[in-house]
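Here's the letter readout for the chains.
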Amino acid sequence: MIETYSQPTPRSVATALPVSMKIFMCLLTVFLITQMIGSALFAVYLHRRLDKIEDERNLHEDFVFMKTIQRCNKGDGSLSLLNCEEIRSQFEGFVKDIMLNKEEKKKESVEMQKGDQNPQIAVHVVSEASKTASVLQWAKKGYYTMSNNLVTLENGKQLTVKREGLYYVYTQVTFCSNREALSQAPFIVSLCLKSSSESERILLRAATSHSSSKPCGQQSTHLGGVFELQSGASLFVNVTDPSQVSHGTGFTSFGLLKL
């Protein structure tokens, strides 16, 4: 007879961690996270504190330096002459650098403001007696006005602009004649432009007949208009008979205004 024996079933090994181990791991994780956050906050605090200490130290050094300057000025015997001279030299150099930087910034600001603004250009000149040249002469006297150096009076004859733009140009010429109207051609006034390329052209022209009154019948001719002028352009006034032009105060003038 064959007898069989049944072996007992082996017990399964528990794989789950004990509850106490789980609690320990959770506490350890929380501790590590708290430690990392605390370290980060402490690093930020320490960085700010070091910056504050550095600022206080610099302020203290500045205070000590100023006290040393005061002691040098008072002639304190505890400081040697050499130290005072060195300190004064450093202080003067420091102040000089500050003033130079301030002046440079102020100059740059002024130049920027000037560059942003459109400068006012205005010129008004009065005639000067000349009985030979057909191009009228202008004198720096009487009601002479020139607002800046962007326009010049060259050779006493022509106004030259140095900045392009729109200009109102005008002239008034007063003349007189005691000749008979039939024996004399009209008196012609021409406002002319001479460009930088030396070419000339007439901008405005007016013709006025002579008066038959004696000894002199004064008449005035006024020309004016708006023109776009290039840099280097020159303007002048031409008449047919300069001997008839009246040069009294306010009679004959020439000018321009930048718009």
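As annotated in an unreviewed UniProt entry, the protein chain carries the name CD40 ligand and comes from Ictidomys tridecemlineatus. Taken from UniProt, the Sequence similarities (unreviewed entry) comment for the protein chain reads in full: "Belongs to the tumor necrosis factor family." Recorded under Subunit (unreviewed entry), the UniProt text for the protein chain is reproduced unchanged: "Homotrimer."

Tallying secondary structure elements over the protein chain gives two helices and eleven strands in all. Ordering the α and β elements of the protein chain from the N terminus gives α-α-β-β-β-β-β-β-β-β-β-β-β. Excluding contacts between residues fewer than 6 apart, the proportion of contacts in the protein chain whose partners are at least 24 apart in sequence is 69%. Accessible area for the protein chain stands at about 18,600 Å²; split by element, carbon and sulfur atoms hold 58% of it.

As a rule of thumb, nonpolar side chains are buried together in soluble globular proteins. Val169, Val173, Leu229, Leu235, Val237, Phe254 and Leu256 are the most contacted members of the largest nonpolar core, which totals 30 residues. If we skip the residues at most four places from it in the chain, Leu235 touches Lys157, Gln158, Leu159, Val169, Cys192, Leu193, Leu203, Leu229, Phe254 and Leu256.

Another aspect to go through is the sheet that holds strand E4 (residues 151–154). Reading across the sheet, the five strands line up as E4-E5-E10-E7-E8 and stay open at both edges, with antiparallel pairing between neighbours. At either margin of the open sheet sits one strand with a lone partner, and together these are E4 and strand E8 (200–208). Direction aside, neighbouring strands of the sheet carry axes that sit 20° apart on average. For strand E7 (residues 187–194) and E8, the ladder comprises eight bridges, and the chain directions are antiparallel. Across the sheet, the residue bridging to Ser190 is Arg205, located in E8.

Our focus in this paragraph is the UniProt feature "transmembrane region" (unreviewed entry) in the protein chain. UniProt's feature table lists "transmembrane region" (unreviewed entry) at residues 20–46, given in the numbering used throughout. This span, residues 20–46, is 100% helix and 0% strand, and a straight line between its end C-alpha atoms measures 38 Å.

Time to look at the environment of Val237. Positionally, Val237 belongs in strand E10 (residues 234–239). Separated by 100 residues in sequence, Val237 and Gln137 have C-alpha atoms that sit 8.6 Å apart. Apart from the residues within four sequence positions on either side, Val237 is in contact with Ser134, Val135, Leu136, Trp138, Thr171, Val173, Val189, Ser190, Leu191 and Phe254.

Glancing now at unusual backbone geometry. With a phi angle near 60°, Asn155 is a residue other than glycine that sits in the positive phi range. Assessed through its relative accessible area of 68%, Asn155 is described here as exposed.

The next subject is the packing of aromatic side chains. The full count for this structure, using the stated rule, is three aromatic pairs. Residues Trp138 and Phe254 carry aromatic rings whose centres are separated by 5.3 Å and whose planes lie at 40° to one another, so their mutual orientation is tilted. Taken as a pair, Trp138 in strand E2 (residues 137–139) and Phe254 in strand E11 (residues 253–258) lie far apart in primary sequence, 116 residues in all. Take Trp138 and Phe254: they sit in the same class, and that class is buried.

For the rest of this paragraph, the subject is a nonpolar patch on the surface. Taken together, the side chains of Met21, Phe24, Met25, Leu28, Phe31 and Leu32 make up a nonpolar region of the molecular surface, amounting to roughly 580 Å² of accessible area. Relative to the helices and strands, Met21 is located in helix H1 (residues 19–74).

Let's shift gears to the side chain of Ser246. With respect to the helices, strands and loops of the structure, Ser246 is situated in the loop between E10 and E11. What Ser246 contacts, discounting residues up to four positions off in sequence, is Ser127, Thr174, Phe175, Cys176, Gln218, Phe251 and Thr252.

This part covers the environment of Asn238. Examined against the element boundaries, Asn238 turns out to sit in strand E10. For Asn238, a relative accessible area of 23% gives the class partly exposed. Here Asn238 is in contact with Ser134, Val135, Ile188, Val189, Ser190 and Cys192, once residues within four sequence places are set aside. One polar contact links Asn238 to Ser134, side chain to side chain, over a distance of 3.4 Å.

Rules used in this analysis
Residues numbered from 1 in each chain as written. Predicted model: local features only at pLDDT ≥ 70, side-chain atom pairs only at ≥ 80, totals over all residues. Heavy atoms only, no water. UniProt positions renumbered as here; feature names shortened; annotations may be inferred. Helix = DSSP H or I, 4+ residues; strand = E, 2+ residues; numbered from the N terminus. Contact = heavy atoms within 4.5 Å. Areas by Shrake-Rupley, 256 points an atom, 1.4 Å probe, with all protein chains shown as cover. Core = buried A, V, L, I, M, F, W, Y, C linked by side-chain atoms within 4.5 Å. Buried < 20%, exposed > 50% of the residue type's maximum accessible area, 1.4 Å probe, protein only. Pairing = 2+ DSSP bridges. Axes fitted to C-alpha atoms, helices over the stretch in contact; angles between N-to-C directions. Phe/Tyr/Trp six-rings, centres within 6.5 Å; stacked < 30°, edge-to-face > 60°. Patch = residues over 30% accessible without salt bridge, like charges linked within 9 Å, V, L, I, M, F, W, Y side chains within 5 Å. Salt bridge = Lys/Arg side-chain N within 4 Å of Asp/Glu carboxyl O. Polar contact = N/O pair within 3.5 Å; in protein donor to acceptor, adjacent residues only side chain to side chain.

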